[in-house]
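Fold and geometry: a report
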Amino acid sequence: MNALRLSLQEIAHRKLSFILGLLSVMIAVAVLAGAATMLSGHDLRTEQLVAQKEADTREEMTKMEDDYRRIMKAMGYNVLILHRDQSFEELQRLGHPTHYMPEDWAQQLADQNVDTLNHLLPVLQEKISWPEMKREVLLTGVRGQLAFKDSPKNRRPPIMQPVEDGQIKLGAELARELGLSVGDTVTMRGRELSVSEIYARRGTQDDQTAWVSLRQAQEWMARPGQINGVLALECLCNVEELGTIEYHVHKILPDTKVYEFSSLITARGLARQRAAEAHKRAVEQEMYYRAGLREERRALASILVPVASLGAAAWVMFLMMGNVRERRAEIGILRAIGVSGGKIQSVFLLKAVLMGLGGGLIGLVIGTVGGAWLSEVPPGTEDFLTLLNAKLLIGALIGAPILAALAGWLPARTAARQDPALVLQEE
């Protein structure tokens, strides 16, 4: 007689017993699959949440950096490089430097491409007489901004356009006092100059300043090849870089000093640093919370999985043993007509294997979906597909039947070893 056919007949005859056993295996496998999927989904969600927070942090930092750069650029030049003998007190009192440097010092600085400096502009500035206007004026000679050696900084638009020979640019207050407008012609020290631009009011001494070409200023001041300052824009991305410009400049030009008039830079840098630290703490807190939650779930799973497995095995054994007792008469008849004990045992073992296989498949589906749901990974999504575990599938298809077979081995062995004569006599 075919063992499989006898097993199927036995299942059909004792449907409730088979279903109860299948349910016990299903629960055990569902708990195992659910725990594994839940932990994997938890790890996936943790990575996604942390990655999102880090992306939000980077986006926020990028916005702050852009805002930071715009504010600094709006401030205009905020670093002044002077000769080392220049007194700050004298600079503030007179309104212009009084110690001079070779013009090529500025080019040396540009050639070294200091990361935290942009828009280098050599200047020559003094108060000179303007005979035609019968007054003194703060005159600033400028040339075009210096190009950095092999640097993308060269593609950035300059803060201040150069003053061409034969042109003059005026501060707002100076132009108002002189009654001049753009396009007017004015004479300074015997030379006719065209007013090419009048700067908007800044509320500084720039409002009383006139700008001409550097060569013209050097000629009028009798300072050929000399400057008395280099204006620059300090461009920082990290507050930790504040104060490092002087160190970098001194390495290239040891006979200089750096004057940073940029308290706003410090404030913005500190604000950015605090925001970065706050975002970092938020990410760390999220990771700490998720790690704690994962440990709680792992601890719960470490208890539920063995309890569910042992419970399922005990329940299958109990059901199979009851089934053997109920079928003693049939077993005795089968043995009496020549069915071997081994075949009787294989019928009950095959029933247990089918019970484990069916319960394993159903439990795997329920456990995987339930574990994904508990870990906030919606079933059917792309993320859910990444949680499907081939090893778990193979383990359920092999492990569940083995568990059921081991649980049913003793009842099957008991059925196979029954003496048909004694069974029939009792019946």
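The sections below set out a description of the structure shown in this document. Within every chain, residues take consecutive numbers counted from 1 along the sequence as written. Per-residue local features are limited, in this predicted model, to residues with pLDDT of at least 70; the limit for side-chain atom pairs, both in listing and counting, is 80 or more; totals at the level of whole chains, interfaces and linings are taken over all residues. Side-chain calculation: all heavy atoms of the structure are included, whereas hydrogens and water are not.

**Looking at empty space enclosed by the protein**
Once rolled over the atoms, a probe with the size of a water molecule shows which space is left empty. The rule is simple: put a 1 Å grid over the protein atoms alone, call a set of points where a 1.4 Å probe fits but cannot get out a cavity, call an open set with protein on both sides within 12 Å along at least five of seven lines a pocket, and count a residue as lining if it has an atom within 4 Å of a point. Grid points are joined across faces, edges and corners, and a volume is the space filled by probe spheres set on the points. Throughout the structure, instances matching the rule amount to one cavity of 30 Å³ or more. Space inside the largest cavity adds up to approximately 40 Å³. Considering the residues around the largest cavity, the lining is formed by E164, D165, G166, Q167, R191, L193, V212, S213 and Q216. Helix and strand assignments come from DSSP, with helices taken as H or I runs of at least 4 residues and strands as E runs of at least 2, each series counted from the N terminus. Of all the secondary-structure elements, those providing two or more residues to the lining of the largest cavity are strand 7 (191–198) and strand 8 (209–213). Tallied by class, the residues present in the lining of the largest cavity amount to two nonpolar, four polar and three charged. All amino acids are sorted into three groups, where Ala, Val, Leu, Ile, Met, Phe, Trp, Tyr, Cys and Pro are nonpolar, Asp, Glu, Lys and Arg are charged, and the leftover types, Gly among them, are polar.

**Description of unusual backbone geometry**
Even without being glycine, K134 reaches a positive phi, approximately 50 degrees. The buried label applies to any residue whose accessible area, calculated with a 1.4 Å probe on protein chains only, is under 20% of its type's maximum; exposed applies above 50%, and partly exposed to all values in between. Classification of K134 by relative accessible area gives exposed; the value is 79%. For A222, which is not glycine, the phi torsion reads 55 degrees and is therefore positive. With respect to the element layout, A222 can be found in the loop between helix 6 (214–221) and strand 9 (226–227). Classification of A222 by relative accessible area gives exposed; the value is 60%.

**Brief notes about the pattern of salt bridges**
Whenever Lys or Arg places a side-chain nitrogen within 4 Å of a carboxyl oxygen from Asp or Glu, that contact is recorded as a salt bridge. According to the stated counting rule, one finds ten salt bridges in the structure shown. Residues D255 and R84 are paired through a salt bridge, measuring 3.0 Å at the closest nitrogen-oxygen approach. Of this pair, D255 sits in the loop between helix 7 (245–252) and strand 11 (256–260) while R84 sits in the loop between strand 1 (79–83) and helix 3 (88–94), and the two are 171 residues apart along the sequence. Assessed through its relative accessible area of 28%, D255 is described here as partly exposed. Measuring nitrogen to oxygen at the nearest pair gives 3.1 Å for the salt bridge that ties E103 to R215. Here E103 is found in the loop between strand 2 (101–102) and helix 4 (104–112), whereas its partner R215 is found in helix 6, with 112 residues between them in sequence. According to the relative accessible area criterion, E103 is buried, its value standing at 10%. R215 gets classed as partly exposed once you look at its relative accessible area, which sits at 49%.

**A word on the nonpolar core**
Put simply, buried Ala, Val, Leu, Ile, Met, Phe, Trp, Tyr and Cys residues joined by side-chain atoms within 4.5 Å make one nonpolar core. Judged by nonpolar contacts, the single largest core of 42 residues is most densely connected at L109, L117, L120 and I168. In terms of residues, this core owes the most to one element, strand 3 (residues 117–130), which gives five residues. Counting 18 residues, the second-largest nonpolar core is a separate cluster that includes L22, V25, V29 and L364.

**Concerning the side chain of N228**
Its place among the elements puts N228 in the loop between strand 9 and strand 10 (229–234). Exposure remark for N228: the relative accessible area of 0% places this residue in the buried category. Contacts: residue pairs with any heavy atoms within 4.5 Å of one another. Here N228 is in contact with L82, P97, H99, Y100, M101, V123, L124 and Q125, once residues within four sequence places are set aside.

Shape descriptors only; they carry no functional weight alone.
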